[in-house]
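Descriptive analysis of the structure
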Amino acid sequence: MKLTASTDSLEDRVYFELREMILSKTLVSGAKLVQEDLAERLGVSRTPLRSAIARLERENFVAISARGEAHVAEFGPQQIIDVFEIRAVLEGLICRLLAPGIERKHTIYLRSLMTSVEDAAMTEDHVTYREADVEFHTYLTNLVADGVLNRMLESIQMVMSMALFHGILRSPRETYVEHLAIIDALESHDADEAERVMIEHIRKTIDLLKSRQEQTED
């Protein structure tokens, strides 16, 4: 049965459903996107589907071959490292922008969020801790009023969701302390320090990814 929503909401719905299929790995990396099959599966015509695929290509979820065929993008080690490099710069900038005027209610929330998962961090409960980790970074991103920066980060966060689908990369014990250091810098309204500790936090993961890549290549 065809969806009966308006054109804009229909295109959005197809986009979100297709993106979720990629994030959940219902559509695996490298899989060819057969429009006829997907249109039937989602109950839509090919017009909103084409729009959704084009949007996902712009966000690097979909790759178009020289023959014009759409495939789910493949994220190898170097692609994930590149995403983290961009993320480090942008999230560092977010902390720099927020630090001078961040309200106490926001830092209180962030601290309570992290302290609520202290036990999970110390016991290496990756599932519970990861939820707080994602919320921590998403919350900071959403505090930024700059629409352009938000749109850039939204795309990266979605790619990160795919990259981290199977769990966080570093020990919760280690990153828990780093999150607290970020909150300390924000509470002190120290823009330089807030940017520095956020970049350092993410760059430690980059170093780990590079180390793993080198070991694989050896």
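Residues numbered from 1 in each chain as written. Predicted model: local features only at pLDDT ≥ 70, side-chain atom pairs only at ≥ 80, totals over all residues. Heavy atoms only, no water.

**Topic: the overall build of the chain**
A tally of regular secondary structure across the chain gives ten helices and two strands. Counting across all 218 residues of the chain, residues that qualify as buried make up 42%. A separation threshold of at least 6 residues defines the contact pool for the chain, and within that pool the share at least 24 residues apart is 75%. Carbon together with sulfur atoms contributes 51% to the accessible area of the chain, which is approximately 11,700 Å² in total. (Helix = DSSP H or I, 4+ residues; strand = E, 2+ residues; numbered from the N terminus. Buried < 20%, exposed > 50% of the residue type's maximum accessible area, 1.4 Å probe, protein only. Contact = heavy atoms within 4.5 Å. Areas by Shrake-Rupley, 256 points an atom, 1.4 Å probe, with all protein chains shown as cover.)

**Describing the packing of helix H4 (residues 77–98) against helix H7 (residues 126–143)**
As a packed pair, H4 and H7 sit with axes 10 Å apart at the nearest point and diverge in direction by 60 degrees. Classed by the angle they form, the pair H4 and H7 counts as oblique. Regarding H4 and H7, the two cross each other, and that crossing is left-handed. Contact residues: Arg87, Glu91, Ile94, Cys95 and Leu98 in H4; His137, Leu140, Thr141 and Leu143 in H7. By residue class, the composition of the contact of H4 with H7 is five nonpolar, two polar and two charged. (Axes fitted to C-alpha atoms, helices over the stretch in contact; angles between N-to-C directions. Parallel < 35°, antiparallel > 145°, perpendicular 65-115°, else oblique. Left-handed = near helix turned anticlockwise from the far one by under 90°. Nonpolar A, V, L, I, M, F, W, Y, C, P; charged D, E, K, R; others polar.)

**Regarding the packing of helix H2 (residues 35–42) against helix H3 (residues 46–58)**
Between H2 and H3, the shortest axis-to-axis distance is 10 Å and the interhelical angle comes to 110 degrees. Compared by their axis directions, H2 and H3 come out roughly perpendicular. When the axes of H2 and H3 are compared, the crossing they make is right-handed. Between H2 and H3, the residues in contact are Gln35, Glu36, Leu38, Ala39 and Leu42 and Arg46, Leu49, Arg50 and Ile53, respectively.

**Structural notes on the environment of Glu200**
With respect to the element layout, Glu200 can be found in helix H10 (residues 191–217). Sequence spacing of Glu200 and Ala88 is 112 residues, and the spatial spacing of their C-alpha atoms is 8.0 Å.

**Some points on the packing of aromatic side chains**
Two aromatic rings are characterised by how far apart their centres lie and by the angle between their planes. By the definition in use, this model includes two aromatic pairs. Taking 4.6 Å as the distance between ring centres and 35 degrees as the angle between the ring planes, the aromatic pair formed by Tyr109 and Tyr139 counts as tilted. Residue Tyr109 is located in helix H5 (residues 104–115), and its partner Tyr139 is located in helix H7; the two are separated by 30 residues in the primary sequence. Tyr109 sits in the partly exposed class, given a relative accessible area of 31%. If you follow Arg55 out to its NZ or CZ, it ends over the ring of Tyr15, 3.6 Å from the centre. Just above the ring of Phe16 sits the side chain of Arg55; from NZ or CZ to the centre is 5.8 Å. (Phe/Tyr/Trp six-rings, centres within 6.5 Å; stacked < 30°, edge-to-face > 60°. Lys NZ or Arg CZ within 6 Å of the ring centre and 35° of its normal.)

**Section: H3**
When the terminal C-alpha atoms of H3 are compared, their 18 Å separation across 13 residues agrees well with the 18 Å that a helix rising 1.5 Å per residue should span. Of all the positions in H3, only Pro48, Leu49, Ala52, Ile53 and Leu56 are classed as buried. Taken down its axis, H3 places every buried residue within 140 degrees of arc, on the same side. (Expected span 1.5 Å × (residues − 1). Arc of directions from axis to C-beta.)

**Focus: unusual backbone geometry**
Note on backbone geometry: most residues besides glycine have negative phi, and most peptide bonds are trans. Located in the positive-phi region is Glu124, a residue other than glycine, with phi close to 60 degrees. Residue position: Glu124 is located in the loop between helix H6 (118–122) and H7. Unlike most non-glycine residues, His189 shows phi in positive territory, near 55 degrees. Structurally, the position occupied by His189 is in the loop between helix H9 (172–187) and H10.

Keep in mind these numbers describe shape, not what the thing actually does.
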